[in-house]
Amino acid sequence: MATRNAGVRASSSRHGIGFWIVAYVFAVEMAFSAAPTPMWSLYRERDHFSTMMVTVAFAAYSVGVVISIFLAGHVSDWRGRRRILLPAILLQTVSAVLFLAWPDLPGLIVARVVSGLSVGMATATATAYLAELNAVTRPGSSHNRPTLVATAANLGGIGLGPLLAGVLVQYADAKLTVPFVVFLVLLLLALVGLWLVPETVRARGERAYRPQRVVVPSHARLPYFAVAGASFGLFAILGLFTSLAPSFLAAIGQPSPVVAGLAAFLVFGGAAVAQMGLGRLTLQRQLAVGFGTTAVGVVVLAAGVLAASQPGFLVGGLVAGSGSGILLKGALGTAAVLAPADARGEAIAGIFLAGYVGLALPVLGMGVATGLGASLDASLIGLAAFVLVVVAATAAMLRRNPATA
């Protein structure tokens with residue numbers, strides 16, 4: 001009996017250590033996905049390509065994420081968490097190598113697609129992995145701990161990546177090399193660490209493969225499309241701060257890579273804190289607070305653009321990011337409530353599909369607008385107005401068609 005108890009304790013200890021290893025892996029994965037943020041303006045200055053090309057390189061990431069979500073994001077449910085997370089992190093290391101070895105525009109686009117493929121595989125896998133490792137370590141406990149850690153690793157990682165990269169760019173001599181070398185080392189450490197984490201899913205190889213489906217609940221299509229539209233709009237704000245925000249800050253006399261990284265950190269850090277602090281509100285309250293806070297933040301952001309004010313722009317990003325974080329949580333929760341139990345994953349996939357389309361298309365629209373002669377300021381105001389319209393329209397749709405199971 002003593003030997004058996006010792007074995008149980010050893011297994012629990014391995015899973016406990018594995019929990020924090022996976023949290024680290026998840027954070028590094030997401031941090032690297034946004035690490036190029038403070039470097040876009042440097043690439044543009046070096047190679048003299050247009051704002052539109054910056055948006056194309058940025059949007060390539062969303063293409064990779066969407067493809068991966070539907071082809072591989074769900075495979076860990078029957079193939080195993082570590083068996084999917086390992087190749088996902090390996091893909092991210094390939095992306096880092098591409099940034100180092102092929103730093104021209106075509107290489108940047110390919111590297112971003114590869115990074116997106118990695119994130120699409122890793123996000124759901126790491127989130128589920130954390131929950132399962134926690135269940136072994138703390139059987140019978142609530143889901144709050146793995147949920148909070150997953151949120152911190154996901155959104156917090158996306159915020160920390162640009163901040164760390166900005167500091168490295170600010171103070172390193174090889175500004176377009178050192179950040180990727182540092183992240184490559186962090187990713188290699190993540191690969192090594194993952195080998196120590198126990199698997200939590202027994203592989204079921206006999207299951208026939210099929211791509212992830214997107215299911216729209218037939219009995220509640222209007223509220224579902226409303227929260228999908230909200231996801232589209234809020235991701236547009238998140239996309240702005242990981243693409244063209246550094247160019248705007250440079251245009252108003254603040255070219256510091258640290259400030260560019262700080263802008264992204266405020267947005268995603270605000271989103272993470274809002275999710276963790278307000279996540280226990282009812283879904284209706286989450287949506288109401290999310291809509292209102294996002295709208296206020298976008299207005300402050302637009303005012304900062306009009307006044308060419310760095311503090312106004314950053315504060316607007318922080319407020320809009322906080323609203324977006326709680327709005328995303330409410331949208332995902334609403335989709336899960338609206339869908340039948342056996343189709344919740346498919347319904348949530350649709351929300352992320354709308355979100356990643358929103359991450360790419362509005363920012364691409366800004367790039368096209370600047371290519372046609374519009375100023376960056378005018379494009380930013382246009383994006384802010386567009387997001388406000390989307391937020392108002394989706395909020396009104398939900399008021400007329402409340403989300404019910």
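Residues numbered from 1 in each chain as written. Predicted model: local features only at pLDDT ≥ 70, side-chain atom pairs only at ≥ 80, totals over all residues. Heavy atoms only, no water.

**Regarding the nonpolar core**
- Ranked by internal contacts, the top residues of the largest apolar core, which has 117 residues, are Val22, Tyr43, Phe241, Phe313 and Tyr356.
- At 12 residues, helix H9 (residues 221–241) tops the list of elements feeding residues into this core.
- In this structure, Phe241 is in contact with Thr37, Ala263, Ala264, Val267, Leu301, Phe313 and Gly317, ignoring residues within four places of it in sequence. (Core = buried A, V, L, I, M, F, W, Y, C linked by side-chain atoms within 4.5 Å. Buried < 20%, exposed > 50% of the residue type's maximum accessible area, 1.4 Å probe, protein only. Helix = DSSP H or I, 4+ residues; strand = E, 2+ residues; numbered from the N terminus. Contact = heavy atoms within 4.5 Å.)

**Some remarks on the confidence of the model for the chain**
- Per-residue confidence for the chain gives a mean pLDDT of 92; residues scoring 70 or more make up 96%.
- Looking across the chain, the model is least confident in helix H1 (residues 2–34), with a mean pLDDT of 82, and most confident in helix H8 (residues 178–194), with 98. (pLDDT = per-residue confidence, 0-100.)

**Details of unusual backbone geometry**
- Even without a glycine there, the phi angle at His48 is positive, about 60°.
- With respect to the secondary-structure elements, His48 resides in the loop between helix H2 (40–47) and helix H3 (51–71).
- Using a relative accessible area of 69% as the deciding quantity, one classes His48 as exposed.

**Thoughts on the environment of Pro103**
- For Pro103, the position within the fold is in the loop between helix H5 (81–101) and helix H6 (105–137).
- The sequence separation of Pro103 and Phe26 amounts to 77 residues, and the corresponding C-alpha distance is 25 Å.
- When residues no more than four places from it in sequence are discounted, the contact partners of Pro103 are Tyr43, Arg46, Asp47, Leu98 and Leu108.

**Brief notes about H3**
- For H3, built from 21 residues, the straight-helix expectation of 30 Å at 1.5 Å per residue is met to within 8% by its first-to-last C-alpha distance of 31 Å.
- For H3, a buried count of 15 out of 21 residues is recorded, marking the element as mostly surrounded by other parts of the structure. (Expected span 1.5 Å × (residues − 1).)

**Re the pattern of salt bridges**
- Under the defined criterion, the tally for this structure stands at 6 salt bridges.
- Taking the shortest distance from any N to any O, the salt bridge between Arg46 and Asp47 comes out at 2.7 Å.
- Relative accessible area serves as the criterion here: at 35%, Arg46 is assigned to the partly exposed category.
- A relative accessible area of 29% means that Asp47 is categorised as partly exposed.
- One salt bridge connects Arg210 with Glu346, and the closest N-O pair in it is separated by 3.4 Å. (Salt bridge = Lys/Arg side-chain N within 4 Å of Asp/Glu carboxyl O.)

**Quick look at the side chain of Thr242**
- For Thr242, the position within the fold is in the loop between H9 and helix H10 (245–251).
- You can call Thr242 buried: its relative accessible area is 7%.
- Side-chain polar atoms of Thr242 contact the backbone oxygen of Leu238, separated by 3.1 Å.
- Residues in contact with Thr242, not counting those within four places in the same chain, are Ala34, Thr37, Trp40, Phe58 and Phe268. (Polar contact = N/O pair within 3.5 Å; in protein donor to acceptor, adjacent residues only side chain to side chain.)

**Re the packing of aromatic side chains**
- All chains considered together, the criterion is met by 11 aromatic pairs.
- When the ring of Tyr224 is compared with that of Phe225, the centres are 6.1 Å apart and the planes differ by 70°; the resulting orientation is edge-to-face.
- A residue is classified by how much of its surface remains accessible, and Tyr224, at 2% relative accessible area, is buried.
- Pairwise contacts between aromatic rings join Phe32, Phe99, Phe180 and Phe183 into one cluster.
- Positioned above the aromatic ring of Phe19 is the side chain of Arg145, whose terminal nitrogen or guanidinium carbon lies 4.2 Å from the ring centre. (Phe/Tyr/Trp six-rings, centres within 6.5 Å; stacked < 30°, edge-to-face > 60°. Lys NZ or Arg CZ within 6 Å of the ring centre and 35° of its normal.)

**Quick notes on the environment of Ile326**
- In this fold, Ile326 is placed in helix H13 (residues 310–338).
- Those residues in contact with Ile326, other than ones at most four positions away along the chain, are Ala274, Gln275, Leu278, Gly279, Gln286, Val289 and Gly290.

**Observations concerning the side chain of Thr294**
- Counting through the fold element by element, Thr294 comes out in helix H12 (residues 283–306).
- A polar side-chain atom of Thr294 sits 3.4 Å from the main-chain carbonyl oxygen of Gly323.
- One polar contact links the side chain of Thr294 to the main-chain amide nitrogen of Ser324, over a distance of 3.2 Å.
- Apart from residues lying up to four places away in sequence, Thr294 is in contact with Ala320, Gly323, Ser324, Leu327 and Val391.

**Here we look at helix H14 (residues 344–371)**
- Under the 1.5 Å per step criterion, the end-to-end length of H14 is 41 Å for 28 residues, consistent within 8% with the ideal 40 Å.
- The first or second residue beyond H14 is Gly373, which carries a positive phi of 115°.

**A look at the packing of H6 against helix H7 (residues 144–171)**
- At a minimum axis separation of 9 Å, H6 and H7 run at an interaxial angle of 150°. Classified by chirality, the crossing of H7 by H6 is right-handed. On H7, the residues touching Thr123, Thr127, Leu130, Ala131 and Asn134 of H6 are Arg145, Pro146, Val149, Ala150 and Asn154.
- A per-class count over the contact of H6 with H7 returns 5 nonpolar, 4 polar and 1 charged. (Axes fitted to C-alpha atoms, helices over the stretch in contact; angles between N-to-C directions. Left-handed = near helix turned anticlockwise from the far one by under 90°. Nonpolar A, V, L, I, M, F, W, Y, C, P; charged D, E, K, R; others polar.)

**Things to note about the environment of Gly355**
- Along the chain, Gly355 falls in helix H14.
- Spatially, the C-alpha atoms of Gly355 and Gly239 are 10.0 Å apart, while their sequence positions differ by 116 residues.
- Contacts of Gly355, omitting those with residues within four sequence positions, involve Ser231, Phe232 and Phe235.

**Thoughts on a nonpolar patch on the surface**
- A cluster of nonpolar side chains, contributed by Tyr24, Val181, Val185 and Leu189, occupies part of the molecular surface with about 320 Å² of accessible area.
- For the nonpolar patch, the leading source of residues is H8, giving 3 residues.
- With respect to the helices and strands, the residue Tyr24 is situated in helix H1.
- Note on Tyr24: relative accessible area 31%, which makes it partly exposed. (Patch = residues over 30% accessible without salt bridge, like charges linked within 9 Å, V, L, I, M, F, W, Y side chains within 5 Å. Areas by Shrake-Rupley, 256 points an atom, 1.4 Å probe, with all protein chains shown as cover.)

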